[in-house]
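Tertiary structure, described
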Amino acid sequence: MSCIFCKIINGEIPSNKVYEDEKIIAIHDLNPQAPTHVLVIPKMHIACADDINDDNCEVVGHIFAKIPVIAEKLGLDGYRIINNCKESAGQTVMHLHFHLLGGKTLGEKIV
Ligand code: AMP
Ligand code: ZN
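Everything numeric in this text was worked out from a predicted model, so none of it was measured. (Residues numbered from 1 in each chain as written. Chains lettered and ligands numbered in written order. Predicted model: local features only at pLDDT ≥ 70, side-chain atom pairs only at ≥ 80, totals over all residues. Heavy atoms only, no water.)

**Brief notes about the site of ligand 1**
Put simply, the rule is: Note on terminology: near, applied to a residue and a molecule or strand, indicates that one of the residue's heavy atoms is within 4 Å of it. Two N or O atoms count as a polar contact when they lie within 3.5 Å, although within protein this holds only if one can serve as hydrogen donor and the other as acceptor, and sequence-adjacent residues are included solely when both atoms are side-chain atoms. Method for areas: the Shrake-Rupley scheme with a 1.4 Å probe, in which residue coverage is limited to the protein chains shown. Numbering goes from the N terminus for both helices and strands, where a helix is a DSSP run of H or I of at least four residues and a strand is a run of E of at least two.
Taken together, 16 residues are adjacent to ligand 1, and D29, N84, T92, H97 and H99 come closest. At 3.0 Å, a backbone N or O of V93 approaches an oxygen atom of ligand 1. Relative to its free-state accessible area of 510 Å², ligand 1 is covered by the protein chains to the extent of 85%. For the shell around ligand 1, the secondary-structure elements that each account for two or more residues are α1 (4-9) and β2 (24-28). Among the elements that take part in the shell around ligand 1, α1 stands out by supplying three residues, more than any other.

The structure is reproduced here in structure tokens:
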């Protein structure tokens, strides 16, 4: 499997981990776009949001249940959650992930 996030999950590539449980991992982004920029990633390989379905959506609920825990651990008050779905939306790593951005007052606009 050539997927970079699968390699991070199985320990082949090092990462700066902030949270891990049996279903998900959260790591600091290599190229942060805000003072705090974390990626929340399911361990199960789902390529993008367009591939979420009835059989695999439980992990997405789990991600959203753990984001407040991760945010508290990072000392974030407010934060922005972003998902880029497919290349035309700017997705560069084809393994589902949610960007968690904060640590400063963010602008009103998403992009
Ligand atoms: P996206 O463009 O939405 O697919 O986001 C992919 C993100 O993964 C980008 O913000 C990259 O900076 C980040 N990224 C790529 N490789 C790594 C890595 N090895 N460790 C941490 N973050 C990474
Ligand atoms: Zn993967």
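**Focus on the side chain of T36**
Convention followed: Relative accessibility decides the category of a residue: with a 1.4 Å probe and only protein chains considered, values under 20% of the type maximum give buried, values over 50% give exposed, and everything between is partly exposed. Note on definitions: a residue-residue contact is assigned when non-hydrogen atoms from the two residues lie within 4.5 Å.
Assignment of secondary structure puts T36 in strand β3 (residues 36-42). Taking relative accessible area as the criterion, T36 reaches 14% and is therefore assigned buried. Not counting the four nearest positions on each side in its chain, T36 is found in contact with L74, L76, L100, L101, G102 and G103.

**Re the environment of L74**
Tracing the sequence through the fold places L74 in the loop between α2 (58-73) and β4 (80-82). Here L74 falls in the partly exposed class, since its relative accessible area comes to 24%. The spatial distance from the C-alpha of L74 to the C-alpha of H99 is 14 Å, given a sequence separation of 25 residues.

**Considerations on the pairing of strand β5 (residues 98-102)**
For clarity, the cut-off: Here, strands pair whenever DSSP counts at least two bridges between them.
Most of β5 sits out of view: five of its five residues are buried. Residues F98, L100 and G102 point to one face of β5 and H99 and L101 to the other, with burial holding for every one of them. Relative to β5, β3 runs antiparallel, the two sharing five bridges. If you follow H37 over to β5, its bridge partner there is L101. In this structure, β4 lies alongside β5, joined through three bridges in antiparallel fashion. Bridge pairing links I81 to L100 in β5.

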